[in-house]
Amino acid sequence: MRPTLFLSDLHLSPERPALVEAFRAFCAGPARDAAGVYLLGDLFDSWIGDDQLREPLAAGVAGALKAVTAAGVAVGVVTGNRDFLLGDAFADATGITLLSAPLVVNVAGTPTVLLHGDELCTTDVGYQRLRRHTHNPRWQRYYLALPFAMRRGIANWLRQRSSEATSGKPEAIMDVAPEAVESAFRDADVTRMIHGHTHRPARHHLVVDGRECERFVLADWYDRGSYLEFDAAGGRTRDVVTSAG
């Protein structure tokens, strides 16, 4: 059987051209041979509206995705905390399907809950307050109505504020809360979870209500491109191989 592939937290931007090239290599190689691909948030370092598609990097990434979907591979996208404004125009340009999380899908015969992961970091009260604000449809309509340059300025300011706030927070606050993880397993009624966001790749084993569960945390793409490959034999992490080695 062809594998299903999962990746998140690519944070693609002009400042990291090697990672953009790695994504192109992923789309031209492993993605074409997959049963399906799931991008679980933060494909871009920031997304300020679908008119960003006029920028070269966004247009190039969209073209790489379009080639995958045109080859008959389904690509599902869950938005993250950096690209939650991905919209219908992006979906039309790429052929991807925007998905609402959490969602349950069948992965190699096992129902699996997928999500970005930031919603599990419930002990970071300040971040959760900001998340509720920016995910409010009214705020999004107001923001998207602003001129493109103004939106870019606001996004840069928010990223700077986020970086400053993060540097002063204990590590534990920025990780998932065990209670939130257990609740997500219960709500989905599954024994497997896959998510990103925390940039702490691992495979965790836990027991929820007497059931053995596993939680896969995807790696970020700050140092190299990688993805989780799942088939009947289980899950394993693969690095993206580029022409540069």
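For the structure, check the block above.
The structure contained in this document is the topic of the report that follows.

Turning our attention to the overall build of the protein chain. Looking only at helices and strands, one finds seven helices and 11 strands in the protein chain. In terms of overall dimensions, the protein chain is globule-like: its C-alpha atoms have a radius of gyration of 18 Å, near the 18 Å expected for 245 residues. C-alpha atoms of the protein chain, sized along the principal axes, occupy 50 × 40 × 30 Å. Among the 245 residues that make up the protein chain, the fraction classed as buried is 50%. Once local pairs closer than 6 in sequence are excluded, the contacts in the protein chain between residues at least 24 apart make up 66%. Total accessible area on the protein chain is roughly 11,800 Å²; 52% of this is exposed by carbon and sulfur atoms. Within the protein chain, one finds 26 positive and 30 negative side-chain charges whose respective centroids are separated by 3 Å.

Let us now look at the packing of helix α1 (residues 17-28) against helix α2 (residues 56-70). For the pair α1 and α2, the least separation of the axes is 9 Å and the interaxial angle reads 15°. Accordingly, the angle class assigned to the pair α1 and α2 is roughly parallel. For the pair α1 and α2, the crossing hand works out as left-handed. Contacts between α1 and α2 involve Val 20, Phe 23, Arg 24 and Cys 27 on the former and, on the latter, Leu 57, Gly 60, Val 61, Ala 64, Leu 65 and Val 68. Looking at side-chain class alone, the contact of α1 with α2 contains eight nonpolar, one polar and one charged residues.

The next point concerns the pairing of strand β5 (residues 103-107). Burial along β5 is one-sided: the face carrying Leu 103, Val 105 and Val 107 is buried and the face carrying Val 104 and Asn 106 is not. Note that β5 and strand β6 (residues 110-115) share five bridges and pair antiparallel. Opposite Asn 106, over in β6, you have Pro 111 as the bridge partner. Connecting the antiparallel pair β5 and β6 is a turn made up of two residues, with Ala 108 showing a positive phi of about 50°.

What follows deals with α1. Between its first and last C-alpha atoms α1 spans 17 Å; for 12 residues at 1.5 Å apiece the expected length is 16 Å, and the two agree. On its buried face, α1 sits against β1 (4-7), β2 (36-40), α2 and β10 (226-231).

Further remarks concern the sheet that holds strand β8 (residues 202-208). Taken together, five strands build an open sheet; the order of strands is β5-β6-β7-β9-β8 and the sheet is mixed. Both outer strands of the open sheet, β5 and β8, are each paired with one neighbouring strand and no more. For this sheet the average axis-to-axis angle between neighbouring strands, irrespective of direction, equals 30°. Note that strand β7 (residues 192-195) and strand β9 (residues 211-217) share four bridges and pair parallel. Each bridged residue has a counterpart across the sheet, and for Ile 194 the counterpart in β9 is Phe 216.

The rules behind each value
Residues numbered from 1 in each chain as written. Predicted model: local features only at pLDDT ≥ 70, side-chain atom pairs only at ≥ 80, totals over all residues. Heavy atoms only, no water. Helix = DSSP H or I, 4+ residues; strand = E, 2+ residues; numbered from the N terminus. Rg over C-alpha atoms; globule rule 2.2 N^0.38 Å. Buried < 20%, exposed > 50% of the residue type's maximum accessible area, 1.4 Å probe, protein only. Contact = heavy atoms within 4.5 Å. Areas by Shrake-Rupley, 256 points an atom, 1.4 Å probe, with all protein chains shown as cover. Lys, Arg positive; Asp, Glu negative; His and termini not counted. Charge placed at Lys NZ, Arg CZ, Asp CG, Glu CD. Axes fitted to C-alpha atoms, helices over the stretch in contact; angles between N-to-C directions. Parallel < 35°, antiparallel > 145°, perpendicular 65-115°, else oblique. Left-handed = near helix turned anticlockwise from the far one by under 90°. Nonpolar A, V, L, I, M, F, W, Y, C, P; charged D, E, K, R; others polar. Pairing = 2+ DSSP bridges. Expected span 1.5 Å × (residues − 1).

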